[in-house]
Amino acid sequence: MTISQTNGPGRRGTSRIGALFAAPYVLFVLAVFAVPLGYTVWISFHRFYFTAPGAGVDSPWVGLSNYRDVFTDPVVGRAFLNILIFLVINVPLTVGLSLVLAAALNAKLPFRSFFRAAYYVPYVTASVALVAVWAFLFGSDGLVNHALGGLAPDPSWLVNTHLAMPMIAFFVTWKQLGFFVMLYLAALQNVSGELYEAAAVDGAGSVRRFFSITVPGVRPATTLVLIYAIITGANLFSEPYLLTGGGGPDHASVSPVLVMYQKGIEQGHPDFAAALGIVLMVFVLAISLLARKISERGE
Amino acid sequence: MFRRTASALLALAMAGALAACARSGPDAAVAAKAHGPIRVWLSNNAQEAAWGEQMVADWNKLHPGQRVTAQNIPAGKTSEEAISASVIAGNTACLVFNTSPASVPQFQKQAGLVNLDDFPGAERYIEDRSGSLADQYRSEDGSFRQLPWKSNPVMILYNKKLFKKAGLDPDHPKLATYDQFLDTSRTLVHSGAAKAAIWPAPSSEFFQSWFDFYPAFIAESGGKALVEKGTPQFDSPAGRKAADFWRSLYAQKLAPQEAYPGDAFGDGKAAMATVGPWAIAAYKDSVDWGVVPVPTSDGRPASAVHTFSDLKSVAMFSACKNRATAWDVMKFATSRSQDGKFLAATGQMPLRPDLTGTYPDWFAKNPGYKMFADQTRRVVDVPNVAGSIDMWQAFRDAWTKSVVFGRQPVDSALRDAAGKISDILAEY
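All values derive from a computational prediction rather than experimental measurement. (Residues numbered from 1 in each chain as written. Chains lettered and ligands numbered in written order. Predicted model: local features only at pLDDT ≥ 70, side-chain atom pairs only at ≥ 80, totals over all residues. Heavy atoms only, no water.)

S.K.: Summarise the overall build of chain A; cite the residues concerned and give the values.
M.R.: In terms of regular secondary structure, chain A is built from 13 helices and 0 strands. Helices and strands appear in chain A in the N-to-C order α-α-α-α-α-α-α-α-α-α-α-α-α. Relative to its length of 299 residues, chain A is extended, with a C-alpha radius of gyration of 24 Å against a globular reference of 19 Å. With respect to the three principal axes, the spread of C-alpha positions in chain A is 80 × 75 × 35 Å. Contacts in chain A between residues far apart in sequence, at least 24 positions, make up 66% of those at least 6 positions apart. For chain A, the accessible area works out to roughly 15600 Å², and carbon and sulfur atoms hold 69% of it. With 17 positive and 14 negative side-chain charges, chain A shows a separation of 14 Å between the mean positions of the two kinds. (Helix = DSSP H or I, 4+ residues; strand = E, 2+ residues; numbered from the N terminus. Rg over C-alpha atoms; globule rule 2.2 N^0.38 Å. Contact = heavy atoms within 4.5 Å. Areas by Shrake-Rupley, 256 points an atom, 1.4 Å probe, with all protein chains shown as cover. Lys, Arg positive; Asp, Glu negative; His and termini not counted. Charge placed at Lys NZ, Arg CZ, Asp CG, Glu CD.)

S.K.: Describe the pattern of salt bridges, naming the residues involved and giving the relevant values.
M.R.: Tallied over the full model, the rule gives 23 salt bridges over all chains. Among the charged side chains, a salt-bridge network with shared partners connects Glu123, Glu127, Asp135 and Arg138 of chain B. (Salt bridge = Lys/Arg side-chain N within 4 Å of Asp/Glu carboxyl O.)

S.K.: Please set out the packing of helix H10 (residues 237-251) of chain B against helix H17 (residues 388-404) of chain B residue by residue, giving values where relevant.
M.R.: All names here are of chain B. Relative orientation of the contacting elements H10 and H17 amounts to 55 degrees, with a least axis distance of 9 Å. Taken together, the axes of H10 and H17 are oblique relative to one another. Touching Ala243, Trp246, Arg247 and Tyr250 of H10 are Trp399, Ser402, Val403 and Val404, all from H17. Across the contact of H10 with H17, the residue classes break down as 6 nonpolar, 1 polar and 1 charged. (Axes fitted to C-alpha atoms, helices over the stretch in contact; angles between N-to-C directions. Parallel < 35°, antiparallel > 145°, perpendicular 65-115°, else oblique. Nonpolar A, V, L, I, M, F, W, Y, C, P; charged D, E, K, R; others polar.)

S.K.: Summarise the pairing of strand E12 (residues 312-316) of chain B; cite the residues concerned and give the values.
M.R.: Put simply, side chains in a regular strand alternate between the two faces of the sheet. All names here are of chain B. Across the 5 residues that make up E12, a large majority, 5, are buried. Of the two faces of E12, the one carrying Lys312, Val314 and Met316 and the one carrying Ser313 and Ala315 are both buried. In the sheet, strand E3 (residues 95-99) pairs with E12 via 4 bridges, with the strands oriented antiparallel. If you follow Leu95 over to E12, its bridge partner there is Met316. By the bridge criterion, 3 bridges tie strand E4 (residues 147-151) to E12 in an arrangement that is antiparallel. Residue pairing for E12: Lys150 is matched across the bridge by Lys312. (Buried < 20%, exposed > 50% of the residue type's maximum accessible area, 1.4 Å probe, protein only. Pairing = 2+ DSSP bridges.)

S.K.: Tell me what's going on with helix H13 (residues 336-346) of chain B, and back it up with residues and numbers.
M.R.: Residue and element names in this part refer to chain B. Listing the buried residues of H13 in full gives Gln338, Asp339, Gly340, Phe342, Leu343 and Thr346. Where the residues of H13 are buried, they touch helix H3 (46-62), helix H6 (122-130), E4, helix H12 (323-333), strand E13 (349-350) and helix H15 (360-365). Positive phi appears at Gly347, one or two residues downstream of H13, with a value of about 75 degrees.

S.K.: Break down unusual backbone geometry for me, with residues and values.
M.R.: A cis amide bond, omega 0 degrees, links Asp154 of chain A with the succeeding residue Pro155 of chain A. Checked against the element boundaries, Pro155 of chain A lands in the loop between helix H6 (143-148) and helix H7 (164-188). Of note in this structure, Phe111 of chain A is not a glycine but carries a positive phi near 60 degrees. Positive phi values are uncommon outside glycine, yet Lys229 of chain B reaches one of about 50 degrees. The class of Lys229 of chain B is exposed, set by a relative accessible area of 88%.

S.K.: With reference to specific residues and values, describe the state of the cysteines.
M.R.: All names here are of chain B. All chains considered together, the criterion is met by 1 disulfide over all chains. Here Cys94 connects covalently by a disulfide to Cys320, the sulfurs 2.1 Å from one another. Judged by the sign of its S-S torsion, about 90 degrees, the cystine formed by Cys94 and Cys320 is right-handed. Highlighted residues: Cys94 in the loop between helix H4 (79-89) and E3 and Cys320 in the loop between E12 and H12, separated in sequence by 226 residues. Residue classification places Cys94 among the buried positions, given a relative accessible area of 7%. The class of Cys320 is buried, set by a relative accessible area of 0%. (Disulfide = S-S within 2.5 Å.)

S.K.: Can you explain the sheet that holds strand E2 (residues 68-72) of chain B? Please cite residues and give values.
M.R.: All names here are of chain B. Here we have 6 strands laid out as an open sheet, ordered E2-E1-E3-E12-E4-E13, and mixed in their pairing. At either margin of the open sheet sits one strand with a lone partner, and together these are E2 and E13. Pairing geometry for strand E1 (residues 38-42) and E3, over 3 bridges, is parallel. Within the sheet, the bridge partner assigned to Trp41 lies in E3 and is Val96. Here H12 sits on the sheet and contacts E1, E2, E3, E4 and E12; the angle it forms with E12, its principal contact strand, is near 160 degrees.

S.K.: Go over the interface of chain A and chain B with me, naming the residues and quoting the values.
M.R.: Contact with chain A, which involves 38 residues of that partner, is made by 40 residues of chain B. By the criterion of area lost to chain B, the three top residues of chain A are Pro53, Asp250 and Glu266 of chain A, representing 19% of everything that side buries. If you look at where chain A meets chain B, you find 1 salt bridge. For Lys253 of chain B, the salt bridge identified is with Asp154 of chain A, shortest N-O distance 3.1 Å. Joining chain A to chain B, the criterion identifies 6 residue pairs in polar contact (both at pLDDT 80 or more). Those elements that provide at least two residues to the side of chain A that touches chain B are helix H1 (2-44) and helix H12 (256-266) of chain A. Here the element with the most residues in the side of chain A that touches chain B is H1 of chain A; it accounts for 8 residues. Broken down by class, the residue content of the side of chain A that touches chain B amounts to 20 nonpolar, 13 polar and 5 charged. (Buried area = accessible area lost by both parts, 1.4 Å probe. Polar contact = N/O pair within 3.5 Å; in protein donor to acceptor, adjacent residues only side chain to side chain.)

S.K.: Please give an account of the packing of aromatic side chains that cites residues and values.
M.R.: Applying the stated rule across the entire model yields 55 aromatic pairs over all chains. Ring centres of Phe171 of chain A and Trp174 of chain A lie 6.1 Å apart, and the angle between their planes is 50 degrees; on these two criteria the pair is classed as tilted. On the criterion of helical spacing, the pair formed by Phe171 of chain A and Trp174 of chain A is a turn pair, its members being 3 residues apart in helix H7. The class of Trp174 of chain A is partly exposed, set by a relative accessible area of 34%. Here a set of aromatic residues connected by ring pairs shows up, and it is made of Phe206, Phe207, Trp210, Phe211, Tyr214, Phe308 and Trp392 of chain B. Geometry around Phe272 of chain A places Lys263 of chain A over its ring, the cationic atom sitting 4.8 Å from the centre. Directly above the ring of Tyr49 of chain A sits Lys109 of chain B, whose terminal nitrogen or CZ lies 4.4 Å from the centroid. (Phe/Tyr/Trp six-rings, centres within 6.5 Å; stacked < 30°, edge-to-face > 60°. Lys NZ or Arg CZ within 6 Å of the ring centre and 35° of its normal.)

S.K.: Any details on the side chain of Gln393 of chain B? Residues and values, ideally.
M.R.: Counting through the fold element by element, Gln393 of chain B comes out in helix H17. Using a relative accessible area of 6% as the deciding quantity, one classes Gln393 of chain B as buried. Once you skip the residues sitting within four places of it in the chain, Gln393 of chain B turns out to touch Glu266 and Gln267 of chain A together with Ser204, Glu205 and Phe206 of chain B.

S.K.: Explain the packing of H3 of chain B against H13 of chain B to me, and be specific about the residues and the numbers.
M.R.: Residue and element names in this part refer to chain B. Following both chains from N to C, one finds H3 and H13 inclined at 150 degrees, their axes separated by 9 Å at the closest point. The angle between H3 and H13 places the two elements in the roughly antiparallel class. For the pair H3 and H13, the sense of crossing is right-handed. In this structure, H3 uses Gln47, Glu48, Trp51, Gln54, Met55 and Asp58 to contact H13, whose residues at the interface are Gln338, Lys341, Phe342, Ala345 and Thr346. (Left-handed = near helix turned anticlockwise from the far one by under 90°.)

S.K.: Got a sec to walk through the sheet that holds strand E9 (residues 270-275) of chain B? Specific residues and values, please.
M.R.: All names here are of chain B. A sheet is described by the order of its strands in space; here 4 strands give the open sequence E6-E9-E5-E10, paired in mixed fashion. The strands lining the two open edges of the sheet, one partner per strand, are strand E6 (196-198) and strand E10 (289-292). Each strand axis lies, on average, 25 degrees off the axis of its neighbour in the sheet, ignoring direction. In terms of strand pairing, strand E5 (residues 155-159) meets E10 through 4 bridges, oriented antiparallel. Bridge assignment links Leu157 to a residue of E10, and that residue is Val291.

No statement about biological role is implied by the geometric values presented.
What follows is the structure, given as structure tokens:
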């Protein structure tokens with residue numbers, strides 16, 4: 001009875017205090033996410049452009065007109081194809097490499113801390129600086145082409161229609177790897193060492209231990225890495241913008257976000273950009289859900 | 001409780017959003033007659049900023065009650081993006097001394113510009129200052145929403161040292177015809193004197209065509225704009241010749257397909273550059289330069305060659321509360337005296353019909369600028385049409401595909417681009 005008397009009002013009190021503590025964050029989410037998202041949806045169904053304050057310009061309802069423009073624009077189609085190319089290269093590489101590296105860096109290695117920091121450095125370095133390094137390596141007059149001599153591709157890596165997008169995918173993989181290695185390293189701390197010892201006693205080799213213990217043991221982290229890598233890929237902007245001069249030859253490396261920028265900011269069509277943003281969001285949600293289903297299959 | 005809290009939070013967020021949306025600008029009728037302090041934005045070009053500071057100081061000395069403050073245009077990828085953002089935010093400076101005519105239709109659509117014709121005598125003032133060239137800068141309704149200020153006619157600057165190294169005569173370069181230009185370019189590159197004969201940015205940004213195709217097309221067509229009377233002009237023999245010329249430069253590896261991460265001409269990697277007179281001050285200590293007009297297929301004399309103006313305007317923005325003062329400052333800054341100071345400080349050409357006759361002493365002391373001054377008589381700018389930036393982007397996309405990377409024949413690329421541009425013009 002005493003317990004129930006204490007718990008009843010206590011729970012309600014906790015709920016009020018909890019709501020109070022949650023309020024700033026809820027407000028933040030509403031102000032910077034929910035309201036702009038709702039506004040974006042509204043813009044995408046209207047003929048809209050940004051005007052000076054007090055301009056009093058009409059924004060008529062146009063139904064699906066902006067979406068029709070998005071789906072019939074060949075540049076948008078190319079941008080989504082580019083993202084698929086990017087994801088096909090980047091996601092498996094990111095998951096595979098970061099897991100293998102994390103497993104290696106989790107072992108007792110000489111200079112382990114140095115290696116852990118070394119993989120993390122590109123992630124915390126500004127994109128612009130890294131792009132300069134990449135251009136120095138893969139520019140038409142870069143180090144790699146000098147080493148390859150007559151075998152260098154023509155046109156060169158970053159302006160080659162077939163190579164520009166894969167180059168961006170490799171660049172982003174390299175840049176982001178440290179972050180995903182850290183995620184996996186954290187996940188590996190939760191995998192019991194006893195499992196490895198038992199498997200070793202049973203005669204399992206290192207490859208078998210990796211696939212039978214490490215991979216299932218970090219499955220939740222793999223789901224996180226997959227989804228995060230997909231979202232990062234779908235939001236690709238600065239790499240094609242900086243590395244391939246605003247979308248590359250014949251839109252070979254243009255991304256949906258880059259098209260949003262060009263249409264919404266440079267060309268003054270925020271309605272088109274808003275519709276594209278919504279389409280991109282649905283695309284990312286669908287792929288993320290699919291990735292989650294696949295990664296959690298058999299769990 | 002939770003429902004109430006959630007409702008309150010939602011209401012707060014919506015109120016915040018609505019408050020942000022319910023914006024108002026100054027009352028136009030009141031602002032048009034108001035005098036008082038104003039802000040102006042200047043280009044971040046060092047010489048131009050120095051002139052701007054001096055001009056503002058001269059004004060403030062004469063008008064202590066209508067103080068002008070100057071600062072550089074806020075940083076952005078381009079000035080136009082920064083200005084566009086500030087138009088939407090309602091915090092643009094009263095005057096911007098570096099407005100690109102290509103962006104004027106967009107700023108107009110955003111209701112960001114003040115119609116200068118609303119000021120008594122404005123049309124007459126602009127026509128008197130710039131002569132017939134001013135007509136290119138009228139909006140489609142015939143009004144002036146920009147004061148055409150300074151021109152940077154695009155010509156070919158060449159590096160005499162690299163020409164000499166290639167065994168070419170640096171004082172008499174053969175660059176008048178397309179064939180001559182290509183021969184000279186081959187000599188420059190194949191001799192190893194320069195990595196590139198010429199190196200404009202081959203990238204996809206909409207404005208890059210102003211420094212490769214557009215000057216060549218204007219020269220070849222005898223002074224046509226990209227679009228005239230609502231019709232694209234470049235799907236024509238002149239457009240095809242100009243595009244074929246550039247395609248030859250790329251196909252023969254005389255112009256690189258990759259953007260140079262810096263200033264290729266200044267670094268001695270390219271032997272030539274398409275530039276305006278601003279380049280003289282920029283390269284005077286690093287390059288021994290010479291200048292020739294843009295080539296044409298038949299090698300016209302310099303006095304018959306037209307080119308791209310690369311002009312910048314002064315525009316007044318609707319966020320301005322003291323527009324009467326702003327108009328007075330506009331006239332003061334473009335007066336004969338201030339134009340002379342501007343010319344002396346920057347080497348850029350105020351858009352006046354008889355520039356050399358107006359400032360004879362300065363040109364006598366600075367003969368290197370005379371060719372540019374003469375060229376200002378024959379300049380063509382971007383068409384002042386709605387959808388201008390969409391139009392240039394459509395053209396650039398076709399250009400990079402067919403001319404830079406040779407993935408589509410020039411004829412069909414220009415035809416497709418003309419079709420797209422016609423659609424854009426019809427849409428607006």
